[in-house]
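This is what each chain is made of:
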2 protein chains.
Amino acid sequence: MKPIREFFPILDWASDYGRAALADDLLAAMIVTIMLIPQSLAYALLAGLPPEAGLYASIAPILLYAVFGTSRALAVGPVAVVSLMTAAAVGTIAQQGTAGYAVAALTLALLSGAMLMVMGVLRLGFLANFLSHPVISGFISASGILIATSQLGHLLGIGAAGHSLPQMLSALLRGLPQVNPVTLAIGAAALAFLFWVRRGLKPLLRRLGMGARAADVVAKAGPVLAVVATTLVVRALRLDEMGVRIVGEVPRGLPPMTLPSLSSDLVRALLVPALLISVVGFVESVSVAQTLAARRRQRIDPDQELIGLGAANLGAAFTGGFPVTGGFARSVVNFDAGAATAAAGAFTALGLGVAALALTPLIHFLPVATLAATIIVAVLSLVDVSILRRAWAFSRADFVAVAATILLTLGVGVEAGVLAGVVLSIALHLYKTSRPHVAEVGLVPGTQHFRNILRHEVLTDPALVILRIDESLYFANARYLEDHIARRVTPDCAVRHVVLMCSAINDIDLSALESLEAIAHRLQTMGVRLHLSEVKGPVMDRLKASDFLRDLTGRVFLSQYDAWRDLAGADQNRSVAPITGPVIAPSNRLPSSS
Amino acid sequence: MKPIREFFPILDWASDYGRAALADDLLAAMIVTIMLIPQSLAYALLAGLPPEAGLYASIAPILLYAVFGTSRALAVGPVAVVSLMTAAAVGTIAQQGTAGYAVAALTLALLSGAMLMVMGVLRLGFLANFLSHPVISGFISASGILIATSQLGHLLGIGAAGHSLPQMLSALLRGLPQVNPVTLAIGAAALAFLFWVRRGLKPLLRRLGMGARAADVVAKAGPVLAVVATTLVVRALRLDEMGVRIVGEVPRGLPPMTLPSLSSDLVRALLVPALLISVVGFVESVSVAQTLAARRRQRIDPDQELIGLGAANLGAAFTGGFPVTGGFARSVVNFDAGAATAAAGAFTALGLGVAALALTPLIHFLPVATLAATIIVAVLSLVDVSILRRAWAFSRADFVAVAATILLTLGVGVEAGVLAGVVLSIALHLYKTSRPHVAEVGLVPGTQHFRNILRHEVLTDPALVILRIDESLYFANARYLEDHIARRVTPDCAVRHVVLMCSAINDIDLSALESLEAIAHRLQTMGVRLHLSEVKGPVMDRLKASDFLRDLTGRVFLSQYDAWRDLAGADQNRSVAPITGPVIAPSNRLPSSS
């Protein structure tokens, strides 16, 4: 267990917090607050919750992360993928808009927070590694497509239900006759404006003479401009009476105290989704935090990050929120705006508190289509299916895992996608290591090096089989080695010695030891001796802890060349010289295994 | 797909089958038949089936294995562990003694046979490797204890129900008042006799001048003697009227044609048990077959073995049997008795067919307690908990997997035990490889070798960090490496170069590649260059399929010594000589990871 002080990273910077850091943090907080207001509302919508839940989910969690988190730039709150996963998990339990739905979202945040906390205290951060890079990036791309599709309905003024692409598309098709043209006009205008802001505004401002950083900040405020403009238009023309869905009445006030339900049915139904949300959120968050920390030679502690994110989610659970994590875009903005410490986050929380107190009446006429447009623009930047191309070029196993993740996320839903990715990655890894590369090697003439007899002109001896095993030996591949050696040696009566060259064996387990014993025993019954060469220190320590070395019929050679000098040509009193003894390019051998 | 001929190993020996082989096979078959009659009856009892099912399960399966199996000595039929697993699986579905119970056993054999067949045709034999050596030996020991306990009830003349040790023991305790003293007397006598046969008879016969092989055969006939003697006693004294349970009416005749049920409920309930039975049976059988084959320089083909055992189980399903596999004791007897080909098995089947036709009336008065004593003596030889001691000495991970398997098998049941063993083995293996050994190394003075700076007096350079990674890189350990390097380099501003020594990296996946890219990128933001050295051919091929090498800020060195010559002391124009440049035993470093 680490010292108590390390559970409170805030102590690292709070004691010598100075005026310069304060100024930096205040500026960063202002910019992030402006960016977060529309985003919080939009992600609440995506999660199927009332808009104020988005604000609430950004206040207490940010404060708690500032105390417990190790990243100085990470901005915590509702993010797109986790909001989608929340909608998918809670949507199977309660109807959107009901009290049960909101309570289930609180419970999900509670479970996720508790799991993250426990994983952090027990230092189980490594568990997140089983969600591999390619799988998570395939998953996020697929989620981006799902999210954009789900928001198309809001843009068209029709409902779009469902948790998979086929469900969503068929709902959209069925809804097409009910498209509301006014909503569509507003949504399309907001969408076009936001795309232009992203692509065209910043270069324009630079050309008009604005500094790079200022231009960046103005461009990030684009969604706020869209929100203000469309709200004013809807209010002026009373477009809500023409069927344009608006946000409507939003309660004023600070986040309420809420109590998640702990009914055992609900908890049981949400356990797996909470675990998946925790892991996906953690992996995303920690990679952003690590990248930003490295730029300033700071370090983040992944296990303490689990505690920080866990505290943030527990905060969300008791203050009317829903699951949160560190967001990519907002953290980068926070960092670029100069945030020096986690106090920037605390000031952002203050800003959002003011917004919850004062601004909510102003967003009564905010059209939902504008929020949908905000989401679509934000998530389309997540979609990057080039991972498929990269994975294909790199290895088929990676490609299969990524493709399955994408297909299942789109076709079945987020949970199926993540689970398939994790299970397939593990299965493919085990499959690969269960059929290790085993090369029969011979001596490269004039050197002390040994190379694959199938690829190089090397010296061999018919009485001597040298096999190099290019993998650690463990239960999944131990019997493969037994089979391989049986296949090679059984039909070849000339063989007197088998040498296993162990230079690539990093570890060995008890199954592999028993396989080696079985191999030695079976070779002995054929009158063949088993030797080892180039055994690494830790592996040798393992072998010494057993009876294997005592019962070994052959020897353990420090180097393969020692083994060759000792064994080659020994049986027929042949010399080791290439002409009289061993022959080049032997026949009577099987191709290597892979 | 392999040639059709290879699916029928019988063709390898049937065409030149001669008189010598015939004589050998006939003798072996006679001995095995005598051994199998009481064993078949006893294992049917263990499986909860009527005694004739044991005979039926030995006839068609043996004939089919003779056609499709590759081992010439393996004797197939009901075995103790698989019979116990059958009772556990079918017992949860139907009541013993009902027609539903027998049909469920047929369905279990059908499913198991079909799975083995499919695995064989698809060459999925490697799947069985995930049941590791230590796990299977722990499982078999625990099963032996369960089986012996379950038979104690029959020995005492009371019922002993349950599928776990606590259930069985409490049933025994509750039944103690009803102990039948006559049954107990017969059972105890049979037990004592069988133990004596095993320990004392063979030495006695040798001292009386009998040959070793003949003495062995007579000793193996011990159970038959016990069966004959106790049957005669019960019949003569009509002990069955004093409460001694007897086998009773056994139908005469050849195995009947039977149809397993394919009702979807039954199939769904038996799928997992069938898979476990298939894998456990296959692993046991194939290791016996391999050991015996090696003694005569024969080979068995594990994928074809799956087909052979699959055919045997399908045969059992349609002829009134239950799941079967290759038995250890009977195969060794068959081998030692001189069986030359699988024809010995066919003759054994003939012998058992004669028994089913002619001998069944004779066993009417056979007391069940004798069969229980036969089982107890047979299975106690399976119990060998020394695997726990061996695993403890060898590695904690292996010990945990074995101990969990034994505890869960005894405490919960066979299925829980096998599943726990497989899942824990995989989890522990992944855990181990997810935290690879990473050593910081330096140059051993006067050599070209690099060793761990914590263990050896080596040359280092404050601007140069050389890390040797002792594991293949894949998704589970990729981020560990990121963390490790960040921890080492971030606080140390003197570092200009990081060299990853890749001599122990056998493979690399896309996640690891992306981690390397992230490491290179983060090091670059700190002004540190990343280099690789001693990259293996296949790993280099992988890297070349990506953009990594193009974007690498440093170089790829063929040998670590090349890297040292190029980088050590370069930044401050220092020479590589130990006195002016690099320093011995550096400070400011973290301990290596493990």
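Quick caveat: nothing in here was measured; it's all calculated off a predicted structure. One numbering rule holds for all chains: residues counted from 1, following each sequence as written. Chains and ligands are labelled by the order in which they are written, letters from A for the one and numbers from 1 for the other. Owing to the predicted nature of the model, reporting of local features is limited to residues with pLDDT of at least 70; listing and counting of side-chain atom pairs is limited to 80 or more, with chain, interface and lining totals taken over all residues. Processing note: side-chain calculations cover all non-hydrogen atoms of the structure and skip hydrogens and water entirely.

Draft legend 1. Structural view of the overall build of chain A. Secondary structure assignment for chain A yields 23 helices and 10 strands. Dimensions of chain A, computed from the C-alpha atoms along their principal axes, are close to 105 × 60 × 60 Å. The classification of residues rests on relative accessible area computed with a 1.4 Å probe and restricted to protein chains. Under 20% of the type maximum is buried, over 50% is exposed, and intermediate values are partly exposed. Out of the 594 residues belonging to chain A, those deemed buried represent 58%. The contact criterion used throughout is that any non-hydrogen atoms of two residues lie within 4.5 Å. Within chain A, contacts between residues separated by at least 24 positions form 80% of all contacts whose residues are at least 6 apart in sequence. Per the convention used, a helix needs a DSSP run of H or I reaching at least four residues, while a strand needs a run of E reaching at least two, with both numbered from the N terminus.

Draft legend 2. Fine view of the pattern of salt bridges. Residues and elements named next belong to chain A. Salt bridges, as used here, are contacts in which a Lys or Arg side-chain nitrogen is within 4 Å of a carboxyl oxygen on Asp or Glu. Evaluation of the coordinates by the stated rule reveals 32 salt bridges over all chains. In this structure, Arg238 and Asp240 form a salt bridge, with 3.0 Å as the shortest nitrogen-oxygen distance. A salt bridge links Arg488 to Glu440; the shortest N-O distance between them is 2.8 Å. Placement of the pair is Arg488 in helix H19 (residues 475-489) and Glu440 in strand S3 (residues 438-443), with a sequence separation of 48 residues. Of the two residues examined, Arg488 and Glu440, each falls in the buried class. Each member of the salt-bridge network shares a partner with another, and the members are Arg238, Asp240 and Glu241.

Draft legend 3. Spotlight on the interface of chain B and chain A. Each partner contributes to the interface: chain B provides 69 residues, whereas chain A provides 68 residues. Two parts placed together each lose some accessible area; with a 1.4 Å probe, that loss summed over both constitutes the buried area. Of the roughly 6,300 Å² buried where chain B meets chain A, counting both sides, 56% is carbon and sulfur surface. Three residues, B:Arg297, B:Phe394 and B:Arg479, lead the burial of chain B against chain A; their summed loss comes to 15% of the area buried on that side. Linking chain B to chain A there are six salt bridges. In this structure, A:Glu514 engages B:Arg390 in a salt bridge whose closest nitrogen and oxygen atoms are separated by 3.0 Å. Within 3.5 Å is the distance limit for a polar contact, defined as a pair of N or O atoms, with the added protein rule that one can donate a hydrogen and the other accept it, and that residues adjacent in sequence qualify only through two side-chain atoms. Here chain B and chain A share 20 residue pairs in polar contact (both at pLDDT 80 or more) between them.

Draft legend 4. Fine view of the pairing of strand S7 (residues 497-501) of chain B. All names here are of chain B. Burial of S7 is extensive: five of the five residues sit out of reach of the surface. Here S7 shows no split at all, with His497, Val499 and Met501 on one side and Val498 and Leu500 on the other all buried. Bridge count between strand S6 (residues 464-469) and S7: five bridges; the pairing is parallel. Residue pairing across strands places Ile466 opposite Val499, the latter belonging to S7. The crossover handedness rule: strands pointing away from the viewer, path from first strand over the helix to second strand clockwise, crossover right-handed. For the crossover from S6 across helix H19 (residues 475-489) to S7, the handedness is right-handed. Think of it this way: DSSP has to see at least two bridges between two strands before they count as a pair.

Draft legend 5. Spatial organisation of the environment of B:Ala89. Residues and elements named next belong to chain B. Within the secondary structure, Ala89 sits in helix H4 (residues 80-91). With relative accessibility at 2%, the residue Ala89 sits in the buried group. For the pair Ala89 and Leu558, spaced 469 residues apart in sequence, the C-alpha to C-alpha distance is 58 Å. Each residue touching Ala89, except ones within four places of it in the same chain, is listed here: Leu108, Leu270, Pro273 and Glu415.

Draft legend 6. Main features of the relation of the copies chain B and chain A. Copy-to-copy superposition: least squares on the C-alpha atoms, limited to residues that have pLDDT of at least 70 in both copies. The operation relating chain B to chain A is a screw motion whose rotation component is 180°, with 0.0 Å of axial translation and a residual RMSD of 0.1 Å. Look at the turn and shift together and you get a two-fold axis relating the two. Closest to the rotation axis within chain B is the C-alpha of B:Ala504, separated from it by 2.9 Å. With an isologous cut-off of 70% or more, the 99% of interface residues of chain B that recur at the interface of chain A puts this contact in the isologous class.

Draft legend 7. Up close: the packing of helix H8 (residues 181-207) of chain B against helix H9 (residues 212-220) of chain B. All names here are of chain B. At a minimum axis separation of 9 Å, H8 and H9 run at an interaxial angle of 145°. Viewed along their axes, H8 and H9 form a crossing whose handedness is right-handed. From H8, Val197, Leu201, Lys202, Leu205 and Arg206 reach across to H9, where they touch Ala212, Ala215, Asp216, Val218 and Ala219. As a working rule, the residues Ala, Val, Leu, Ile, Met, Phe, Trp, Tyr, Cys and Pro are called nonpolar, Asp, Glu, Lys and Arg charged, and the rest polar, with Gly in that last group. Per-class residue counts for the contact of H8 with H9 are seven nonpolar, no polar and three charged. Working convention: axes come from line fits to C-alpha atoms, limited for helices to the stretch in contact. Angles between N-to-C directions cover 0 to 180 degrees. Left-handed describes a crossing whose near helix is turned anticlockwise from the far helix by less than a right angle; the clockwise case is right-handed.

Draft legend 8. Here's a closer look at the packing of aromatic side chains. What counts as a ring pair is set by centres within 6.5 Å for rings of Phe, Tyr and Trp (its six-membered ring), and what kind of pair is set by the plane angle: stacked under 30 degrees, edge-to-face over 60, tilted for all other angles. For the structure on display, the rule yields 14 aromatic pairs over all chains. Ring centres of B:Phe8 and B:Phe68 lie 5.3 Å apart, and the angle between their planes is 40°; this geometry places the pair in the tilted category. Of this pair, B:Phe8 sits in the segment before helix H1 (10-14) while B:Phe68 sits in helix H3 (residues 51-68), and the two are 60 residues apart along the sequence. With relative accessibility at 17%, the residue B:Phe68 sits in the buried group. Through successive ring pairs, a cluster of aromatic residues spans A:Phe130, B:Tyr474 and B:Phe475.

Draft legend 9. H19(B), seen in detail. For H19(B), spanning 15 residues, the distance from its first C-alpha to its last is 22 Å, which sits close to the expected 21 Å at 1.5 Å a residue. Most of H19(B) sits out of view: 13 of its 15 residues are buried. Each residue after the first adds 1.5 Å to the expected span of a helix.

Draft legend 10. Broad picture of the UniProt feature "domain: STAS" (unreviewed entry) in chain A. UniProt positions are given in the numbering used here, feature names are shortened, and annotations may be inferred rather than shown by experiment. This chain's UniProt record puts "domain: STAS" (unreviewed entry) on residues 454-567 of chain A. For residues 454-567 of chain A, the end-to-end C-alpha separation is 21 Å, with 45% helix and 18% strand making up the annotated structure.

Draft legend 11. Summary view of unusual backbone geometry. Phi is positive for A:Arg123, which is not a glycine, with a value near 55°. Relative to the helices and strands, A:Arg123 resides in the loop between helix H5 (99-121) and helix H6 (133-156). Positive phi, close to 50°, is recorded for B:Arg238, a residue that is not glycine. Given the relative accessible area of 35%, B:Arg238 is considered partly exposed.

Draft legend 12. Just the side chain of B:Asn506, in detail. Along the polypeptide, B:Asn506 turns up in the loop between S7 and helix H20 (510-525). The class for B:Asn506 is buried, based on a relative accessible area of 10%. Side chain to side chain, B:Asn506 and B:Lys536 meet in a polar contact 2.6 Å long. Ignoring anything within four residues of it in the chain, the contact list for B:Asn506 reads A:Asp470, A:Glu471, A:Ser472, A:Ala504, A:Asn506, B:Ser472, B:Lys536 and B:Val539.

Draft legend 13. Broad picture of the confidence of the model for chain A. Residues and elements named next belong to chain A. As a per-residue measure, pLDDT tells how confident the predictor is, with possible values from 0 to 100. On average, residues of chain A score 86 in pLDDT, and 95% of them reach the 70 mark or higher. Confidence drops under pLDDT 50 across residues 571-594; counting only partners more than four residues distant or on other chains, this segment forms 50 contacts. Here the predicted complex scores 0.79 on pTM and 0.76 on ipTM.

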